[in-house]
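Report on the structure
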Amino acid sequence: MLAQPHRSSLSRRGFLVASAAAGTGLGLASGPARAATGPRPFGRFGSPAARPTPGTLYVHPGGAGDFTTVRDAVAAASGSGHTLVIAPGVYRQTVAVDPGRTEMTWIGASEDPRDVVIVYDNAAGTPKPGGGTYGTTGSATTTVQADGFTARWITFANDWLRADHPGITGTQAVALKVQGDRSAFHHCRFLGHQDTLYADSMALGTFARQYFAHCYAEGDVDFVFGRATAVFEHCRFRTLNRTDLSASPYGFVFAPSTAGANPLGYLVTGGRVSSEAPDGAYKLARPWVPSSDTTARPMLTVRDTWLGPGIDAVAPYTDMSDAYPWQSMRFAEYRNTGPGARITVPENRPQLTSRQARSATRSAYLGDWEPWKEAC
């Protein structure tokens, strides 16, 4: 994604604490992640001594489980069908789930996503030990490439801060990059600044269906982006303030890069977009046509969603490149509410008809995969 270098005044600890507080609309109390205490750190999910299935591994930072890090547990879970039950703690590490580890599930043991935080601080411009830089993809704290991945009650974060690295211009810093088909996230949080949540696929010709339910994502520049077919149902998105800028736009919520051959991109339904920034400081979306796929036709439908005053109601969309104007892409809205959803310039706010809206549903996007029926 295109970098927009700027500085943030948030400290790493302040980032996590402030972000937890911002999630209160999801029923989450404010404050940092709690340390695990007591003899039963895994709650109703049992303990290593009483495993519900042979494929269940327990992660506890103090040594009360099978592993002390998520990374080590993933490495041990070779093959398909493993479950990781993760005790409360801040796990400062990068984690990758490769394509061979299919049908994996991660469960935050306390059933509160504030309590289980997987976080690191690489950015696109961060120097690698062996030379070069990580790039946007390499900056991800957590990367999921396997099909059939599910996460519940987990926070995925990247707390790299521009203020700490004024000399780095590659400020993209991904919290989660998910590429697998049938990837589901329930009651999770995604915390970062630029390029927080990368909802993508493994290859240009590979379609990946993803489902996010009752989740929370925050950031500033293009903080939900990629080419996946993704449904965001009852999710909250929050745009951050930027003290380094004096003029709008401060950033963009969505930047889909849907392949031209893919009939379905991002669907946001029953959501809420709020902001810490001044009124009208953010655009709802801009299309990302990457150099690797100049035939992309980014697609975003936002329906039945409350858009707060932080969204520019007059011109909620803009171009990322003059060569690919947003008007030629597949952007649409339907029955949105709130001050950021006011239609003052109709040509700037393409609307679905009621007939078209009948095809803009989670079932139409995800087909025979029905992750909302999974028990949480």
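Everything discussed here concerns the structure shown above.
Report on the accompanying structure. (Residues numbered from 1 in each chain as written. Predicted model: local features only at pLDDT ≥ 70, side-chain atom pairs only at ≥ 80, totals over all residues. Heavy atoms only, no water.)

**Quick look at the side chain of Arg238**
Which entries qualify depends on this criterion: A run of H or I in DSSP becomes a helix once it reaches four residues, and a run of E becomes a strand once it reaches two; helices and strands are each numbered from the N terminus. Contacts described as polar in this section are N or O atom pairs within 3.5 Å, which, within protein, must combine one atom able to donate a hydrogen with one able to accept it, while residues neighboring in sequence count only if both atoms come from side chains.
Structurally, Arg238 is set in strand 18 (residues 236–239). A distance of 3.0 Å separates a polar atom in the side chain of Arg238 from a polar atom in the side chain of Ser274.

**Remarks on the sheet that holds strand 4 (residues 95–97)**
Here is the rule we go by: Think of it this way: DSSP has to see at least two bridges between two strands before they count as a pair. Convention adopted: a line fitted to C-alpha atoms gives each axis, helices being fitted over their contacting stretch, and angles between N-to-C directions are expressed from 0 to 180 degrees.
Taken together, the 7 strands give an open sheet; going across it, the order is 4-7-10-13-16-19-22, and neighbouring strands pair in parallel fashion. A single partner strand is all that each edge strand has here, and the edge strands are strand 4 and strand 22 (282–285). Sheet twist, expressed as the mean angle between neighbouring strand axes with direction ignored, is 10 degrees. In this sheet, strand 10 (residues 176–178) lies alongside strand 7 (residues 142–144) in parallel orientation, the contact comprising 3 bridges. Note on strand 10: the bridge partner recorded for Thr142 is Leu176.

**Regarding the nonpolar core**
Stated formally: For this analysis, a nonpolar core means a set of buried residues of the types Ala, Val, Leu, Ile, Met, Phe, Trp, Tyr and Cys, connected via side-chain atoms within 4.5 Å. The cut-offs for exposure are 20% and 50% of the maximum accessible area for each residue type, with area from a 1.4 Å probe on protein chains only; residues under the lower value are buried, those over the upper are exposed, and the others partly exposed.
In terms of nonpolar packing, the biggest core is built from 68 residues, with Leu84, Trp106, Phe185, Phe212 and Phe237 touching the most fellow members. Counting 16 residues, the second-largest nonpolar core is a separate cluster that includes Ala213, Ala360, Tyr365 and Trp369.

**Quick notes on the packing of aromatic side chains**
Keep this limit in mind: In summary, the pairing rule links any two rings of Phe, Tyr or Trp, Trp by its six-membered ring, whose centres are within 6.5 Å, and it sorts them by plane angle into stacked for under 30 degrees, edge-to-face for over 60 and tilted for everything else.
Per the stated rule, a full pass over the model turns up 22 aromatic pairs. Between the aromatic rings of Phe45 and Trp153, the centroid separation amounts to 6.3 Å while the plane-to-plane angle is 50 degrees, which identifies the pairing as tilted. Taken together, the residues span a long stretch of sequence, with Phe45 in the loop between helix 1 (12–22) and strand 1 (56–59) and Trp153 in the loop between strand 8 (150–152) and strand 9 (155–158) at a distance of 108 residues. Residue classification places Phe45 among the buried positions, given a relative accessible area of 15%. Between Phe237 and Phe254 the ring centres are 5.1 Å apart and the planes differ by 70 degrees, which places this aromatic pair in the edge-to-face class. In this pair, Phe237 is assigned in strand 18 and Phe254 in strand 19 (residues 251–256), connecting sequence segments 17 residues apart.

**Observations concerning the environment of His186**
Of note, His186 is situated in strand 11 (residues 183–186). Measuring from C-alpha to C-alpha, the distance between His186 and Glu233 comes to 9.8 Å, with 47 residues separating the pair along the chain.

**A word on the pattern of salt bridges**
Going by this rule: Throughout this description, the term salt bridge denotes a Lys or Arg side-chain nitrogen within 4 Å of a carboxyl oxygen of Asp or Glu.
Following the criterion strictly, the structure yields 20 salt bridges and no others. Between Arg162 and Asp220 there is a salt bridge; the shortest N-O distance is 3.0 Å. Of the two residues, Arg162 is situated in the loop between strand 9 and strand 10 and Asp220 in the loop between strand 15 (216–219) and strand 16 (221–226); the sequence distance between them amounts to 58 residues. Both residues of the pair, Arg162 and Asp220, belong to the buried class. For Asp304, the salt bridge identified is with Arg335, shortest N-O distance 3.0 Å. Taken together, the positions of Asp304 in the loop between strand 23 (299–303) and strand 24 (306–307) and Arg335 in the loop between strand 25 (330–334) and helix 4 (354–357) put the pair 31 residues apart, joining distant regions of the chain. On the basis of relative accessibility, which here comes to 52%, the residue Arg335 falls in the exposed class. Where salt bridges share partners, they join Arg92, Asp121 and Asp159 into one cluster.

Keep in mind these numbers describe shape, not what the thing actually does.
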